[in-house]
Amino acid sequence: MTQLLRGAPVAKQMQEQSAARVAALVQEGITPTLALVRVGNRPDDLSYERGILKRAHEACVQIQTIMLPQDCITQDVLDAVVSINKDPHIHGALLFRPMPHHIDQRAVCAALDPQKDVDGITQDSLYGTFACEPVGFAPCTAEAVIRMLDFYEVVLEGTQVAVVGRSLVVGRPLAALLLARNATPTICHSKTQHLEQVCAHAQVVVVATGHPQSFSAVGTNAKQVVVDVGIHWDEDAQKLVGDVDFANVKPIVAAISPVPGGVGSLTTAVLIDHVVTAAERSIK
Ligand code: NDP
């Protein structure tokens with residue numbers, strides 16, 4: 001029978017582990033605090049924000065939200081980031097992206113203090129992720145995949161992993177994190193030839209293509225673990241679906257993460273964990 005890799009128990013374990021760390025910080029007079037910077041009121045941002053608020057509340061992590069109007073200019077967002085950098089009571093910041101087109105998002109991301117970059121958006125964080133050094137933080141979704149595989153005791157060392165997707169927020173950093181764990185990742189993308197053959201040789205397949213329910217059962221087998229990073233509303237906006245054709249892939253493979261309730265539910269847990277780590281680093 002196919003094992004379902006659910007995110008909830010992983011998030012629960014992470015929260016239990018962080019509770020003791022938060023208590024120790026509070027003893028030192030430090031309340032881990034995350035700043036959220038939101039430009040406008042995009043429904044996706046608001047939905048993500050609600051998830052973060054809930055998770056932060058459960059973890060006793062404080063949130064400060066900086067809301068800017070849709071028609072603000074780049075300098076306004078830069079000013080918000082600079083004020084976060086200067087504030088010793090703020091340990092991490094998350095900037096909702098994509099920002100409106102008229103905002104120079106690259107300049108805004110570059111302005112963030114890497115020590116507060118709990119979402120892994122600065123060059124320093126990417127360097128830290130690729131060089132395996134404790135500089136900044138890995139992008140939360142990529143790390144969530146590793147946390148999930150670890151929780152379910154999927155062996156990574158020496159394992160062939162097909163990473164389907166090469167974005168800077170998921171595929172590429174995930175491949176770096178897998179390398180750090182002595183796995184052998186193969187990064188695939190839209191121009192990869194014979195994708196099904198690459199996947200067939202992998203013991204773990206991580207799918208992050210951005211196309212709902214498009215990753216088919218071709219190339220999957222009974223020994224494989226499939227992790228679905230995708231998250232979309234279906235055509236009728238009735239239910240959330242992933243990038244994997246779940247109904248057809250699940251009966252074939254050994255284990256698969258569901259959508260909803262898989263990687264997506266872990267991303268905010270990793271974010272909060274990063275805030276606690278940033279607060280710990282701030283006193284070292
Ligand atoms: P992007 O659109 O930035 O990247 C998609 C990648 O998939 C690209 O590298 C693209 O290749 C590749 N790709 C597209 N089609 C195919 C195909 N048919 N075969 C092989 N590769 C293909 O998406 P993101 O990385 O930002 O997001 C990926 C998924 O993860 C999305 O479904 C998104 O909703 C989800 N997501 C989930 C998060 C969470 O918290 N759970 C957070 C962030 C994202 P190429 O480079 O050649 O175009």
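On a predicted model such as this, the values are computed, not experimentally measured, just so you know. (Residues numbered from 1 in each chain as written. Predicted model: local features only at pLDDT ≥ 70, side-chain atom pairs only at ≥ 80, totals over all residues. Heavy atoms only, no water.)

A few words on the overall build of the protein chain. A count of helices and strands for the protein chain gives 10 helices and 11 strands. The C-alpha atoms of the protein chain give a radius of gyration of 19 Å, which matches the 19 Å a tight globule of 284 residues would have. Seen along its three principal axes, the alpha-carbon backbone of the protein chain occupies a region of about 50 × 40 × 35 Å. Per-residue burial for the protein chain yields a buried fraction of 49% across its 284 residues. Once local pairs closer than 6 in sequence are excluded, the contacts in the protein chain between residues at least 24 apart make up 71%. In the form shown here, the protein chain has an accessible surface area of approximately 13,900 Å², with 54% of it arising from carbon and sulfur atoms. Of note, the protein chain has its 22 positive side-chain charges centred 3 Å away from the centre of its 29 negative side-chain charges. (Helix = DSSP H or I, 4+ residues; strand = E, 2+ residues; numbered from the N terminus. Rg over C-alpha atoms; globule rule 2.2 N^0.38 Å. Buried < 20%, exposed > 50% of the residue type's maximum accessible area, 1.4 Å probe, protein only. Contact = heavy atoms within 4.5 Å. Areas by Shrake-Rupley, 256 points an atom, 1.4 Å probe, with all protein chains shown as cover. Lys, Arg positive; Asp, Glu negative; His and termini not counted. Charge placed at Lys NZ, Arg CZ, Asp CG, Glu CD.)

This part takes up the domain arrangement of the protein chain. According to the domain assignment, the protein chain contains domain 1 (29–124) and domain 2 (140–264). The gap between the C-alpha centroids of domain 1 and domain 2 is 28 Å. (Domains from an automatic or database assignment.)

Evaluated as defined, the whole model comprises 11 salt bridges. Salt-bridge contacts for Glu-49 lead to Arg-38; the nearest nitrogen and oxygen are separated by 2.5 Å. Separated by 11 residues along the polypeptide, Glu-49 in helix H2 (residues 43–59) and Arg-38 in strand E2 (residues 33–39) bring together distant segments of the chain. Like Glu-49, the residue Arg-38 is buried in the burial classification. One salt bridge in this structure joins Asp-150 and Arg-181, with 2.8 Å as the shortest N-O distance. Here Arg-181 lies in the loop between helix H7 (171–180) and strand E6 (184–188) and Asp-150 lies in helix H6 (residues 140–151), a separation of 31 residues in the sequence. According to the relative accessible area criterion, Arg-181 is partly exposed, its value standing at 33%. Residues joined in a network through salt bridges with shared partners are Arg-21, Glu-143, Arg-147, Asp-273 and Glu-280. (Salt bridge = Lys/Arg side-chain N within 4 Å of Asp/Glu carboxyl O.)

Glancing now at the state of the cysteines. Tallying each qualifying case throughout the model produces 0 disulfides. Here Cys-188 stays free of any disulfide, with the sulfur of Cys-199 as its closest cysteine sulfur at 5.4 Å. In this structure Cys-188 comes out as buried when scored by relative accessible area, which is 1%. Under the relative-accessibility criterion, Cys-199 is labelled buried at 1%. (Disulfide = S-S within 2.5 Å.)

On to the packing of aromatic side chains. One pair of aromatic rings is described through two measures. These are the centre distance and the angle between the planes. Inspection of every chain in the model, using the stated rule, returns 2 aromatic pairs. Between Tyr-48 and Phe-96, the ring centres sit 5.9 Å apart and the planes meet at 85°, which makes this aromatic pair edge-to-face. Separated by 48 residues along the polypeptide, Tyr-48 in helix H2 and Phe-96 in the loop between strand E4 (92–95) and helix H4 (105–111) bring together distant segments of the chain. Owing to a relative accessible area of 27%, Tyr-48 belongs among the partly exposed residues under this scheme. Relative to Tyr-152, the ring of Phe-151 lies with its centre 4.9 Å away and its plane at 75°, an arrangement referred to as edge-to-face. (Phe/Tyr/Trp six-rings, centres within 6.5 Å; stacked < 30°, edge-to-face > 60°.)

A separate point is the site of the ligand. Close to the ligand lie 21 residues, the nearest being Arg-166, Ser-167, Ser-190, Asp-243 and Thr-267. At 3.4 Å from an oxygen atom of the ligand is found a main-chain nitrogen or oxygen belonging to Ala-208. Between an oxygen atom of the ligand and a side-chain N or O atom of His-232, the distance comes to 3.0 Å. Here the ligand has 920 Å² of accessible area as a free molecule, and 68% of this is covered by the chains. (Near = heavy atom within 4 Å. Polar contact = N/O pair within 3.5 Å; in protein donor to acceptor, adjacent residues only side chain to side chain.)

Read across the sheet, 6 strands follow the order E1-E11-E8-E7-E5-E6 without closing on themselves; strand pairing throughout is parallel. Looking along the sheet, the strands with just one partner apiece sit at the ends: strand E1 (3–4) and E6. Bridge analysis of E1 against strand E11 (residues 255–256) gives 2 bridges, and the strand direction is parallel. Note that in E11 the partner of Gln-3 across the bridge is Ala-255. Where H6 meets the sheet, its contacts fall on strand E7 (204–207) and strand E8 (225–228), and the angle it forms with E8 comes to roughly 145°. (Pairing = 2+ DSSP bridges. Axes fitted to C-alpha atoms, helices over the stretch in contact; angles between N-to-C directions.)

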